[in-house]
Amino acid sequence: DAGVQVMALTDHDTTAGHAEAAQRSRARGVHFVPGIELTTYAHGRVIHVLGLGINATNPQLEAANATALAVWDANQRRWIDALSRSGVNLSFERDFADHPVRLPVLIERLCKKGLEGGDPVKVHGRFKKFFAELSNEAYHGLPSPGGAAGIIREAGGVALLAHPDPLREAHLIDELLESFDGLEALYMPYSDVQREALRSLAVQRDKLYSCGSDYHGYFVADYRRPTCEAPEALLRRLGL
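Below you will find a few notes about this structure. (Residues numbered from 1 in each chain as written. Predicted model: local features only at pLDDT ≥ 70, side-chain atom pairs only at ≥ 80, totals over all residues. Heavy atoms only, no water.)

Once that is clear, we can look at a nonpolar patch on the surface. On the surface, Y215, Y218 and Y223 cluster together into a nonpolar patch covering about 350 Å² of accessible area. Examined against the element boundaries, Y223 turns out to sit in the loop between β6 (208–212) and α10 (232–237). (Patch = residues over 30% accessible without salt bridge, like charges linked within 9 Å, V, L, I, M, F, W, Y side chains within 5 Å. Areas by Shrake-Rupley, 256 points an atom, 1.4 Å probe, with all protein chains shown as cover. Salt bridge = Lys/Arg side-chain N within 4 Å of Asp/Glu carboxyl O. Helix = DSSP H or I, 4+ residues; strand = E, 2+ residues; numbered from the N terminus.)

To continue, consider the side chain of T39. Its place among the elements puts T39 in strand β2 (residues 31–42). Side-chain polar atoms of T39 contact the side chain of D13, separated by 2.6 Å. When sequence neighbours within four positions are dropped, the list of residues in contact with T39 reads H12, D13, V46, I47, H48, L142 and P143. (Polar contact = N/O pair within 3.5 Å; in protein donor to acceptor, adjacent residues only side chain to side chain. Contact = heavy atoms within 4.5 Å.)

What follows deals with the environment of G141. Looking at where G141 falls in the secondary structure, it is placed in the loop between α5 (120–132) and α6 (145–154). By relative accessible area, G141 is classed as partly exposed at 43%. For the pair G141 and S213, spaced 72 residues apart in the sequence, the C-alpha separation amounts to 29 Å. (Buried < 20%, exposed > 50% of the residue type's maximum accessible area, 1.4 Å probe, protein only.)

Considering all chains together, one arrives at zero disulfides under this definition. Just so you know, C228 is unpaired, no disulfide at all, and the nearest cysteine sulfur is the one on C211, 5.4 Å from it. Judged by relative accessible area, C228 falls into the partly exposed class, the value being 23%. (Disulfide = S-S within 2.5 Å.)

This brings us to unusual backbone geometry. The step from H99 to P100 runs through a cis peptide bond, and the omega angle for that step is -5°. In this fold, P100 is placed in the loop between α3 (92–95) and α4 (103–112). You will see that H163, though not glycine, has its phi angle at about 25°, which is positive. Tracing the backbone shows H163 in the loop between β4 (158–161) and α7 (165–169).

Within the open sheet, the six strands sit side by side as β1-β2-β3-β4-β5-β6. Their pairing is mixed. Looking at strand neighbours, the two that pair on one side only are β1 (6–9) and β6, the edges of this open sheet. For this sheet the average axis-to-axis angle between neighbouring strands, irrespective of direction, equals 40°. Direction of pairing for strand β5 (residues 182–187) relative to β6: parallel, over a ladder of four bridges. When the bridges of β6 are listed, L183 appears paired with Y209. Relative to β2, helix α1 (residues 18–28) is tilted by about 150°, and along the sheet it contacts β1 and β2. (Pairing = 2+ DSSP bridges. Axes fitted to C-alpha atoms, helices over the stretch in contact; angles between N-to-C directions.)

Turning our attention to the pairing of β2. Judged by how many residues are buried, β2 sits mostly within the fold: 10 of 12 residues are covered. Relative to β2, β1 is paired through four bridges, and the arrangement is parallel. Across the sheet, the residue bridging to V6 is H31, located in β2. Bridging between β2 and strand β3 (residues 45–52) involves eight bridges; their strand directions are antiparallel.

Here we take up the pairing of β3. Most of β3 is tucked away, with six of its eight residues classed as buried. Adjacent in sequence and paired antiparallel, β2 and β3 are bridged by two residues, among which H43 carries a positive phi angle near 55°. With four bridges joining them, β3 and β4 adopt antiparallel strand pairing. Bridge assignment links G51 to a residue of β4, and that residue is A159.

Geometry only, nothing functional implied.
Shown next as structure tokens:
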């Protein structure tokens, strides 16, 4: 209804939604691009890597997704156990027997348990703080960003650094970009100044750049309808 003509689904470390998204896109006359957002670790931080136009059945990609899911499961348990030790009435075995649950489910379930008075924004903020302070060992097994880029290319996709402005501010983006096809410059939550700086960087480095809403749910921010036009070079690379 908003006039979107091309849509990519880039869930974290899973392609489980592709079939349904592709079917719905066809019904609405939207061109569907199968995608992924892989979780990687380097330089003491989690770095997310986008893949567009991937083959979801690629064995290396499936293995990377399974590894990331196991890491997420273990770290989810760490957080729930830490909350329990702090006096919150929680039990991982009792309250998360269906683990690992996706982030929106995790946030909503903790709200129902009364964490932070049931405020989803505050619960999400607490989530981000805890996970940012985890040690390197908690992310053991995840691929490096360059390794993830290689996996995406092996799966026939285009590898892009996701929401990369923090990497630019940390002076890491020049080094990382060497291994990538491009970056997510036209990122809706960013300001016009941030978007233009990233777009200019991509042009200077002769790299592709993409656009995206990256909407994670009401507990992060209000939804903003994407207003960016996908660059022709990216569309050509995706065969559109």
